[in-house]
Amino acid sequence: MPIGVFARRSGLTPSALRFYDDAGLLRPAETDPATGYRYYREEQVARATALRRLREIDMPLGTVAKVLDAGPEDAVRLVDEQVAKVTADAAAVRRTAAVLKASFDASFSLSSASFTDLPGVPVTALKGPVLADAVEQVLTATAHEPGTPVLTGVRIEAAPGTVTLTATDRYRLATRTLAPADAPVTAWTGTVDGDELRSTTAGIRRAPWVRLEATPYAVRFRLADRDERLCRLLPGEYPDHRLMLASLTEVTTRVTLPKERLLRALEEHPGERITLRVTDAGVETDDAGDGTRLSAVVTGHAVRVRFALTTLYPAVSTALGPEVMLDLRGPDQPVTVRSADRGDLTTLAMPVGPDRSPAP
């Protein structure tokens, strides 16, 4: 049969048949020496059809030749190997596409099935309720700021013996250090999407233990009963909070007072800004002397520091225990807010200047 008829019978185009002739995969039965026309026989249709189908699964020409000339068992094995390769390639494409979509659309979630097969490196194991509390505490310091997506995230740093969670909106910084159940398998640092992390806390809290795994694009939280949660890693450079912490000046005034009493004073304060006037006698809110007077243990210099309520209140409310400790460094320096008896949760809050603008 001429090449046109054979093409229709096999599902291959004439140009493809000429290519496979040149490649040595499917020679015509006869070739007219004068005209160069190719002619094929009926028994060649099966080989041509098999060739077409092998190419449809993206099998390379070299492997196609092996399959066409192999026995049934070897042919099946070669096909299975090709299917496994194509499947792995497709999974890699899905992962890359998901990362691309995440970079285009901040609302894209890693709960997509595209990420269920991400390979993970074990990092550490933590108690679920403890991890959930730490996440909720530091999340108060995140912020949605256009152009700086990393501020919506929580920085997780794993090192031998410790796991540290940090968040900052550049006016507050909250950090909590946890003791892992076992030493991290490998040191690891990444910025985890805060919104996705917030949505996982309910499941994490109910799990006795949570194992963290790091993947190229996400953190996997493995819970009990084979349950797991994925949270996207945010690209971009995280603020150098360690340098900032190392650069803090010496504490000049330390105040220890009941947490609930301070929170009540902040809640009842009528303005958006509040001044803490610290003396040997305690702490008084506002500047005019007619504010709320709070009993406190004060050591160091008298000082007056002004804050935005939206900065100071979350810092105080997340402190652990009945008493809160304020380490003051002056009216234009960060105040450190921590629990009087537990220092593993530390929050820094920036004061505001007299003109109500954030201090440098």
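Since the model is a prediction, treat every value here as computed from it, not as a measurement.

### Quick word on the overall build of the chain
Phase 1 of the analysis: Across its full length, the chain carries ten helices and 19 strands.
Phase 2 of the analysis: Put simply, the chain has 360 residues, and 46% of those count as buried.
Phase 3 of the analysis: A sequence separation of at least 24 residues applies to 62% of the contacts in the chain between residues at least 6 apart.
Phase 4 of the analysis: Of the roughly 18,400 Å² of accessible surface on the chain, a fraction of 54% belongs to carbon and sulfur atoms.

### A short note on the side chain of Thr 318
Phase 1 of the analysis: Tracing the chain through its elements places Thr 318 in the loop between helix H10 (309–317) and strand E17 (323–328).
Phase 2 of the analysis: According to the relative accessible area criterion, Thr 318 is buried, its value standing at 11%.
Phase 3 of the analysis: Polar side-chain contacts of Thr 318 include one of 3.0 Å to the backbone oxygen of Pro 314.
Phase 4 of the analysis: The contact partners of Thr 318, leaving out residues within four places of it in the chain, are Gln 137, Thr 140, Lys 259, Leu 345 and Thr 347.

### Focus: the side chain of Thr 285
Phase 1 of the analysis: Along the chain, Thr 285 turns up in strand E13 (residues 282–285).
Phase 2 of the analysis: For Thr 285, the contacting residues outside a window of four places in its chain are Ala 265, Ile 274, Thr 275, Leu 276, Gly 291 and Thr 292.

### With respect to the sheet that holds E13
Sheet strands associate in pairs through backbone hydrogen bonding, adopting either a parallel or an antiparallel arrangement.
Phase 1 of the analysis: In spatial order, the strands read E14-E13-E12-E16; together these four strands make up an open sheet with antiparallel pairing. Two strands close off the open sheet at either side, each with one partner strand: strand E14 (293–294) and strand E16 (303–308).
Phase 2 of the analysis: With six bridges joining them, strand E12 (residues 273–279) and E16 adopt antiparallel strand pairing. Across the sheet, Leu 276 pairs through a bridge with Val 305, a residue of E16.

### Things to note about the pattern of salt bridges
Phase 1 of the analysis: Scanning the model with the defined rule gives 27 salt bridges in all.
Phase 2 of the analysis: Across the pair Glu 228 and Arg 220 runs a salt bridge, and its minimum N-O distance is 3.4 Å.
Phase 3 of the analysis: The class of Glu 228 is partly exposed, set by a relative accessible area of 24%.
Phase 4 of the analysis: Among the residues examined, Arg 220 registers a relative accessible area of 1% and is labelled buried.
Phase 5 of the analysis: A salt bridge links Glu 272 to Arg 273; the shortest N-O distance between them is 3.7 Å.

### Some remarks on the packing of aromatic side chains
Phase 1 of the analysis: As enumerated under the stated definition, the model contains two aromatic pairs in all.
Phase 2 of the analysis: Taking the centre distance of 5.5 Å and the plane angle of 70° together, the rings of Phe 19 and Tyr 20 count as edge-to-face.

### Some remarks on the sheet that holds strand E8 (residues 209–214)
Phase 1 of the analysis: Ordered in space as E3-E8-E9-E10, the four strands form an open sheet in which the pairing is antiparallel. The sheet is open, and its two edges are formed by strand E3 (121–127) and strand E10 (228–232), each paired on a single side. Shown here is a sheet whose adjacent strand axes are inclined to one another by a mean of 25°, direction ignored.
Phase 2 of the analysis: The strands touched by helix H6 (residues 128–139) are E3, E8 and strand E9 (218–222); relative to E3, the strand with the most contacts, the crossing angle is about 95°.
Phase 3 of the analysis: In this fold helix H7 (residues 194–205) packs onto E8, E9 and E10, with an angle of close to 165° to the strand it touches most, E10.

### So, the environment of Gly 291
Phase 1 of the analysis: Among the secondary structure elements, Gly 291 is positioned in the loop between E13 and E14.
Phase 2 of the analysis: Sequence separation between Gly 291 and Arg 277 is 14 residues; the distance between their C-alpha atoms is 9.8 Å.
Phase 3 of the analysis: Leave out the neighbours within four places in its chain, and Gly 291 touches Glu 284, Thr 285 and Asp 286.

### A few points about the confidence of the model for the chain
Phase 1 of the analysis: Mean pLDDT over the chain: 85, with 87% of residues reaching 70 or higher.
Phase 2 of the analysis: Confidence drops under a pLDDT of 50 for residues 110–114, and excluding neighbours within four residues, the segment shows eleven contacts in the predicted structure.
Phase 3 of the analysis: Counting contacts from residues 356–360, a segment whose pLDDT is below 50, to residues more than four positions away or on other chains yields 13 contacts.

### Considering helix H2 (residues 14–22)
Phase 1 of the analysis: Within the span of H2, buried status applies to Ala 16, Leu 17, Tyr 20 and Asp 21. The arc that holds the buried residues of H2, viewed along the axis, is 140°, so those residues lie on one side.
Phase 2 of the analysis: Those residues of H2 hidden inside the fold are in contact with helix H1 (3–10), strand E2 (38–39), helix H3 (45–56) and helix H4 (61–69).

### Things to note about the pairing of strand E18 (residues 335–339)
Phase 1 of the analysis: With four of five residues buried, E18 is to be regarded as a mostly interior element.
Phase 2 of the analysis: Across four bridges, E17 lies against E18 in antiparallel orientation. The residue of E18 that forms the bridge with Met 325 is Arg 338.
Phase 3 of the analysis: Counting the residues that bridge the hairpin from E17 to E18 gives six residues, and of these Gly 330 lies at a positive phi of roughly 130°.
Phase 4 of the analysis: Where E18 meets strand E19 (residues 345–349), four bridges bridge the pair, whose relative direction is antiparallel. For Arg 338, the partnering residue across the bridge sits in E19 and is Thr 346.

### Structural notes on the environment of Ala 224
Phase 1 of the analysis: The residue Ala 224 is located in the loop between E9 and E10 in this model.
Phase 2 of the analysis: Relative accessible area serves as the criterion here: at 40%, Ala 224 is assigned to the partly exposed category.
Phase 3 of the analysis: Considered as a pair, Ala 224 and Ala 207 are 17 residues apart in the sequence and their alpha carbons are 6.2 Å apart.

Thresholds, definitions, all that
- Residues numbered from 1 in each chain as written.
- Predicted model: local features only at pLDDT ≥ 70, side-chain atom pairs only at ≥ 80, totals over all residues.
- Heavy atoms only, no water.
- Helix = DSSP H or I, 4+ residues; strand = E, 2+ residues; numbered from the N terminus.
- Buried < 20%, exposed > 50% of the residue type's maximum accessible area, 1.4 Å probe, protein only.
- Contact = heavy atoms within 4.5 Å.
- Areas by Shrake-Rupley, 256 points an atom, 1.4 Å probe, with all protein chains shown as cover.
- Polar contact = N/O pair within 3.5 Å; in protein donor to acceptor, adjacent residues only side chain to side chain.
- Pairing = 2+ DSSP bridges.
- Salt bridge = Lys/Arg side-chain N within 4 Å of Asp/Glu carboxyl O.
- Phe/Tyr/Trp six-rings, centres within 6.5 Å; stacked < 30°, edge-to-face > 60°.
- Axes fitted to C-alpha atoms, helices over the stretch in contact; angles between N-to-C directions.
- pLDDT = per-residue confidence, 0-100.
- Arc of directions from axis to C-beta.

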